[in-house]
Structure formats: structure tokens, C-alpha cells
Amino acid sequence: MALLGFLIAFPLLVAIALMAFRKDSVRDPLVIGSAVVIGVASVACAVTFMGNPSTFAMTPEMSLAGNYVAVAVDLFLCGLVFALSIAYRNGVMFAMSFVQLLVSIWCGSFALHPEDAMAEPMYIDNLSVIMVLIVGLVGSAICIYALGYMKDFQHHEDEAARRAGTAAADRRHQFIALMFLFLSAMFIIVTSDNMDWLVAGWEITTVCSFLMIGYTRTPEARKSAILQINLNMIGGLAFHIALVYMHVVGVPLSINGMVEVAGGAQSAQLVIPLMMLSIAGLTKAAQMPFHRWLLGAMVAPTPTSALLHSSTMVKAGVFLLVKMAPLYLLYPVASAMVVGIGGITFVLCSFMAISQSNAKRVLAYSTIANLGLISACAGVGTSEAVWAAIFLIIFHTVSKSVLFLCVGTVEHRIGSRNIEDMDGLFSRLPHLTRFMMLGIMGMFVAPFGMLISKWATLVSFAETGNVVFLILLAFGSAATFFFWAKWLGKLAGVSQKAENVEGGVHRTEWTAIGFISALLIGCCVLLPVISQLVIGPYLEVTYHKVPRLIDVDNMIIMVAIVLFIAIVLLTPWGRSSKARQHVYLSGSCIDADSRSYLGSMGRTMRSTKRNWYLDDVFPEAALTRVGLIVCTSVVLMAFAACFIFNPELLTGGAFFVEREVLLVGPGLPGIALGVVAFGVVAPVLGCLLDGLDRKVSARMQGRVGPRLLQPYWDVRKLLGKQQTSVNAIDEAYVTCALVFCILAGGMFVSGSNLLMCVFLVTLATLFVIIAAYSSRSPWADSGADRECLQVMSYEPMLLIMTVGFFTATQSFDIARLFSLEEPIVLSLVPIFLGLLFILTIKLRKSPFDLSYSHHAHQELLKGITTEMTGRTLAKIEVMHWCESVLFLMWVGMFFIWDSPASIPVAIAVVAVTWLFEVAIDNNFARTKWQNCLKYAWLVALVVGVVNLFYVLITPFI
């Protein structure tokens, strides 16, 4: 109890002290020392209460005194917002703050009754411990970061004021004091079982956000701050109405006790409060139709974005939803509302992030999208979904915090937050760029926690038969790959003569960025420990079971991959080279960095290359309108249902089919054996297939083809060439890609996890894309863009394939096929046909070979491989061989069952499929990228809806 009290009170005292100290010489040591104390206290709290959920009793007098304080704080904040609405002359703000003030007075009048004093108003469990660590470690680090950042920020403000002939006020002490006040409020939220106390912390975070967004007092900042307070007052008003309703009907205001009430005679009385609290959580989490406040908040200084609008404040919303997750299993209307809004927000905001060139807007849309995924998982309410939601909270916090801090520092160094201006940043800010790349990897790359979160999400939505959200998850994930990969590629470009401008970064900024990056890697490395010792016990207490979704062996492999990627990104491996050449520019290259060349007519010309934002495909304004209309309709229909249907239906529980994941994988020795076998056999088979492809293609075109082993001699010749490259890092990246491709194939042939295999293939492709981007060559950049688009085109179909595999086998492990009574193709015919369609893309055949071409239709430039020569290009060819073998094995798995006859059947089907793809390659002209995206998504949508609806909905009928 004393430790929790210290965590709440100490940041508040620091905030008060900061208001009195305005000199850097006093403020800096105070902030650093206080941040260290809060971080140590958070760790001590975790050590004390991890696996030891506790409630804390108080005397009636002390508990009632806490109610008085909470009500006083709540009324003061509501009155402050009301007064500010008058000062700002904003009608909407005035009306909403007036209504909220009245409801707060009504709510407070109940809380002051002696009988309303809760015996145990505070608690802590493993979920609270996770949130305490997030607030105490990440939040404190951001406070330290703010010291250096705000020095530069104030310098820019002073310079702008000097040019205007005025003076800029130094209010940094107020800004940092608000940050510590915010930390105190967050500790209240995550440890209060008394909802009268919780709502006080809730409102403090809202007002802190309002004041920090409006910090610069510019017209844009004031407009964004007012938008934030207006939309968050909707959530605050909903929270207060829920409390008033619970007071009136006599339901105890215990956040943990709501589950007990839901199972008793008062269960019907919780429908309206649950709906209102859900609206409060969705608003704080910036979900549609309330999401615009988070976009406007990006005008605030970067520490605000990192602390409030990425790592902590918005997490208060999803924290509340996750705490209420067991209730969503009992109340289907509330579940449908939260899942629907979360799913729609996830996919639409992922689409809208594609069209953004402002780095902070990309981060904002990505934040909203990921919060949507967390909200949807909470809305499902199953143990698997909550497992996924908690991991998403952890990894999103550390990854996004690193990115916000890096973007803020980059903006001060280069004077822009536009992604286009980050071209060549790897050479100008080498260490900072590596941290940014690590943060981006953490947001969407398979082993960085996101894989297992999607893993559990797929299972939970398969259990509840939620076909719509499975489709949304597939398409949203594909869009996520596209915008992150483009940004990653822009950062990866190596400029040969760029000036290093990293010297001005403050030590406090390096400390915070380095510490949170270490937390990111640590969370990945300790992933099995977090699952078993932190999240598992919480689910055991809450659901009386712990889902087993993934083998420890696979977790160990993911940890190894994370460490490998961290070494590649954060060390000098592959970055020094004496052999350099100019990039290919359709002429004689004069200056590779400026992309200038001597054209065929003797003129000096400059090639320009801009990232691909697909504004016409994913228009922000149109998608926003769709989201607002659809999500508002979902909210209105959900509330209408509460008054139309009888209580028995509203409290009838969710549709649910138990689908226990069968773990039948081969273990680490089996996977190791499979990797070795695939690494030896696949290149040989792939080489023979490539040679046979050339001969068959030549026959189809009426000519004599090359020898069968010609691909082998081509690669051997490449290996013998003198190694020349634009930079050295491209070969390192391609080597990583080949390693991941072989690992994916080894996992497949060993009978291990299919989902892991699919994600590793995507990871391999990502490293090839980064290798192409690193050259900063216009042709290689264009090829990399096209490769990103191809991944976005086929990724939904691959995710749908893994879901179909799981529904047919009740496992993600390939070994499960050999115990089935019939081949899975019998129940997955549409998905099999969809795989055949996107196989044309994966095998790089016409009409969709957009990024680089092969075989009998070589082009002058090969796009993504334009700047690759010698060993690097040889590794690309070997990787292509391995990929072809793996993809054809995906076809064969649909025809495997518990019979020796299945092997020749599968081989025959694979042979026919291969001939079919070769025939397509030689009889269809290449098409535009628009057709690739349109047809691939259309096929995935149709076969996904048709097939998944059949296999998932049938058990409920």
C-alpha cells in the first residue's frame, strides 16, 4: 500500500516543485533524479506484486476521505474546462463542459455518502503491474528526453520571436510539471478499484493533454486542443453517466467486482454502464468516430506525442477495455460494438497511413490503428484475445515511443518531419536512424511481438466465428506492411557524401532513446518469460485457464531472430566497403547522391524519386467519411439494441466455439534438421525447376532452350565475379533475406508452424526491399516500391490461408496434416484457388512480375536488383530457387492426409500447378500494378468471405 501511495504522490510532488524551479541547472537534476526514483519504484512494485494480486483495505474514514478528494479534483477540472470554454468562446466546448459539470456534481453527490466508502478501493494484479512498468519506465524516460528536446524547442521559439521583433515566454517548467502530473494520474487509473477515484485520474489525463497540446498557443495548437477536449468530454461524460447509473441501481463501483455482478441477479443492470464505459475507453483510445483529436494532437511538442498520445494516455482507454474483457463474453451487444469499431478503425487508419508523408501523421494513424486492434481483441473477451491485447499494448508502447522520440530529434536536426526529407538519413544521423529502423521493425516485423499477437488474434476470432474481422485483420496487416516498409526503405538509403549532423543531439535524448530501445529488445528476448510468468498468471486468475497458442521452441526461434536483426541494425556489420560504384541512371552518373547524370544528348540531368503514397487509391478524406459514418452507425445501433431487445438476449453471452490449439510441432532438434535439409535440397530442386522452366518456356515460344543446368552456371559465374556495389550493406541485407527464407522452408519441411513460415517469408522479402532502397537508385527504388505493393497485394490471401489451415486442422503445425482423415482441400477449395491466383505473384510470373523479371522476358533494367552484382545477385537467385520450392510445397500441403498415397497425389498436383504457372507466364502480357492490387484483393476478399464463412459459421447454425 505504501509503495503504491508513493508512486501516486511522488510525481505529484515533483510537479509542484517544478513550478518553483525555472532554471535548467536546478530543473535538470530534479527531473533526472525523480525519473530514476519513479523507475526504480515501478520495478520494486513489479517485483513485489508480480504473480501476487492484492487488494488494499482502508478504514471507512480514509476511504471516504479519498472519495472527497476524488470528487473535489473531478469538480475542479470540470469547472476549469467550463471556465476555459468561456475564455475561448467555443460554443460546443461551453455546452459540453456545462453538461459534464452538472453530471459530475450529480455523480459526486452519491460518492460523498458514508455508505459509498469502499472497503478495498485499491488493487494491483499482473495487468496493473504491466501498466505500472509502462508508466514508470517508459514515461520517466520520456520526461528525461523532454529536457534536451525542450531546450532545442525553446531555442527555435526564441529565434522565431526575435525575427518577429517579440519575446517568447519560457514555460518549460509548466510543460514538464504537466508530464509528472500525468504520470501520477496514470498510476491512479491503473491501481484504483474504486471507479470514483479512477474517473478523477481519467479527467486529469484529459486536461493535461488539453494543456500540452495547446502549449505553443498558436491558432493551430488552440484549435487542436479544443478538438481534443470536446471529443474526450464525450468519453468523460459517458464515464460519469455510467457511474451515476450504477449508483442509482445499487451496483458496486468496483472495476474488478463487475464480473461478479454480471453473473448474479443484477446482470441486466450492467448493460448500460458497460456500454457507457466502453464509449469512454474507445474515446480515450482515439477510435473512430472520435479519432480526430489524436491527429490534431501531433502539433504538440514531441514529448507530448510520445508520453500522452502513444505510450500511456491512450493506453488508459485500452486498459479499461481489457479489464472489462470478461464482461464482453457475457454481453454480446457491447462486444459487437467494441469489436466492430476496433476492427473498422484498424483497417481504415492502416489504409490512411499509406497516403501520409508527414512522419508524425503516419505515427498517429498507426497508433490509432493498433489501438483499434487492441480494442477489438478486448471486445472479443476470450483468454486468447486478451493474451494478444496485452502483448500488443507492451510492444506498441516501446516501439512507438522510440519512433516518436527519434522523429522529434530528427525534426530538430534536419528541420523537417517529412519522410521525403529523410532520404539519406542513414549517413546524416547514423545512430539515430538505426534506432528508428529498430522501432519500425518492432511495429510490424514478425518476431518483434507482433507475430504472436496476430497469432492469438487469429485464433480468438476463429473461435468466435468473426469472419468480418478476420478479413479486416488480413487487409489491415497488408497495408501496415506497405507504409512501414516504404518508410524503412527511405531511412535505409546510404548517401556517400552526406554530412553527419548528429553532434547536436542532447545526452538526455540519447539516454531516453537508448533506454527504451533496450526495453524493446528486452521485451522480445524475454517474450517466453513474459508470456508464462506475467500474462499467464493474470489469465489464470481471470479465466481460470492459460491458452497455449505457440510452442516454446518457436518462441526461442523468434528471440534468436530478434537478436540477429538487432545485431544487423545496430552494429557496423556490412557497412564498410572500399569497392563503390555509381548508381545506374540511364546515362553516365555524375553524382550518385544528387542523382545527376549525363544524358544521351550530352545534357546534365537530375533524376527525382518520391515515395509511393497511393493518394488516389486510399484517399484520406473519403476514408475518414466512411469511418465516421460506419462507426457512428455501429454506436447508435448498439445503444438502440439495448432498448429494443429484452434483457435475456442482451445478457445471453457471446457465440463461442472452443478451438484449442493443438501443438504438434517437431521441437528444436526437428526444426534444426529441417532447416539443414531444406538448405541443402531446396537450392538443388529450385535450380532444376528454374532450368526446366527455361526449357519449357523456350518450347512454348518455338525455340530451343538452354541447358537444364544453365541457372547453376549463371549463379556460379556470378559468384566468381569481382564484387562491386553501390554500398556494402546491400549484400548484408540480402544475406539476411536468404537466411530467413531457408529458415522458413526448414520450419515447413520439419512440420513446424505455418504462420511462422509465412511471416518469415515476408521478413525475407522485407530485407530484399531494404537492400534495394539502400542504393538510393531511382530504378532500384521503383522496383522496391513495386515489391512493397506486391506484398500488400498477396499478404491478405496468405493470412486467410493460415486461418483456413487452422480451422481445418485445429493447429498451425504442418505435422498435423499427417493425422487427418482427409485432405484439407475438401473444405478449403476456395482458399486453394485463391492461393493459386497469388502464386502467380509469388513465383514472379506474368502478368504480375512488377518488381523484377525472370527467365524468357528479361528487361533492360531489373528494378529491385538493378544495382546488385556478383555475390549479391547470386544470393538473390538462390533465394528465388528456395522460394519457388517452398511455395509449391504450400500447394502440395492441401492434398496431404493420413495415407501414403497422399504423397504422390500432392506431387502430381504440384507438377500440374507448376506447368499451369509456366503456361500463364508465356501466354499473358504483363499488366499494370493497379490490376495486381485490385484482382489480388478481390480474390482474397471473395474466397476469404465464402470459405471462412462456411467453416467458421457452420458450427453456430
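Residues numbered from 1 in each chain as written. Predicted model: local features only at pLDDT ≥ 70, side-chain atom pairs only at ≥ 80, totals over all residues. Heavy atoms only, no water.

Novice: It is not clear to me how the pattern of salt bridges should be interpreted in this structure. Could you clarify?
Specialist: Where charged atoms from two side chains of opposite charge approach closely, those side chains can pair. The tally for this structure, following the rule as stated, stands at 18 salt bridges. A salt bridge links Asp690 to Arg694; the shortest N-O distance between them is 3.7 Å. Highlighted residues: Asp690 and Arg694, both in helix H27 (residues 667-700), separated by 4 residues, approximately one helical turn. Between Glu731 and Lys875 there is a salt bridge, and its shortest N-O distance comes to 3.0 Å. Placement of the pair is Glu731 in helix H29 (residues 729-749) and Lys875 in helix H33 (residues 870-893), with a sequence separation of 144 residues. The network of salt bridges with common partners includes Asp24, Arg27, Asp170 and Arg172. (Salt bridge = Lys/Arg side-chain N within 4 Å of Asp/Glu carboxyl O. Helix = DSSP H or I, 4+ residues; strand = E, 2+ residues; numbered from the N terminus.)

Novice: Sorry, what's going on with the confidence of the model for the protein here?
Specialist: As a general rule, the predicted coordinates of low-pLDDT regions are not to be interpreted in detail. Counting all residues, the mean pLDDT for the protein is 87, and 96% of those residues have values of 70 or more. In the predicted structure, residues 855-860 sits below a pLDDT of 50 and forms 16 contacts with residues beyond four places in sequence or in another chain. (pLDDT = per-residue confidence, 0-100. Contact = heavy atoms within 4.5 Å.)

Novice: How do you make sense of the nonpolar core when you look at a structure like this?
Specialist: Across soluble globular proteins, nonpolar side chains show a tendency to be buried alongside one another. Membership of the largest hydrophobic core comes to 361 residues, with the highest contact counts inside it found for Trp487, Trp890 and Phe894. Apart from the residues within four sequence positions on either side, Trp487 is in contact with Ala359, Val362, Leu363, Val407, Ile419, Met422, Met436 and Ile440. Counting 6 residues, the second largest nonpolar core, distinct from the first, contains Cys589, Ala592, Tyr597 and Val726. (Core = buried A, V, L, I, M, F, W, Y, C linked by side-chain atoms within 4.5 Å. Buried < 20%, exposed > 50% of the residue type's maximum accessible area, 1.4 Å probe, protein only.)

Novice: Would you mind going over the packing of helix H1 (residues 2-18) against helix H2 (residues 24-49) with me for this structure?
Specialist: With their axes 10 Å apart at the nearest point, H1 and H2 run at an angle of 170° to one another. Considered as vectors, H1 and H2 are oriented roughly antiparallel to each other. Facing Leu3, Leu4, Phe6, Leu7, Phe10, Pro11, Val14, Ala17 and Leu18 of H1, the residues of H2 in contact are Arg27, Leu30, Val31, Ser34, Val37, Ile38, Ala41, Ser42, Ala44, Cys45, Thr48 and Phe49. Residue classes in the contact of H1 with H2 are distributed as 17 nonpolar, 3 polar and 1 charged. (Axes fitted to C-alpha atoms, helices over the stretch in contact; angles between N-to-C directions. Parallel < 35°, antiparallel > 145°, perpendicular 65-115°, else oblique. Nonpolar A, V, L, I, M, F, W, Y, C, P; charged D, E, K, R; others polar.)

Novice: I keep staring at the side chain of Ser267 and nothing clicks. Help me out?
Specialist: Within the fold, Ser267 resides in the loop between helix H9 (258-262) and helix H10 (271-284). Other than its neighbours up to four places away in sequence, Ser267 contacts Val261, Ala262, Tyr331 and Thr651.

Novice: Whenever I open this one, the environment of Ser375 confuses me. Can you help?
Specialist: With respect to the secondary-structure elements, Ser375 resides in helix H16 (residues 359-380). Through-space distance from the C-alpha of Ser375 to that of Leu663 is 28 Å; in sequence the pair is 288 residues apart. With near-sequence residues (within four places) excluded, Ser375 lies in contact with Leu282, Gln287, Val318, Leu321, Val338 and Gly342.

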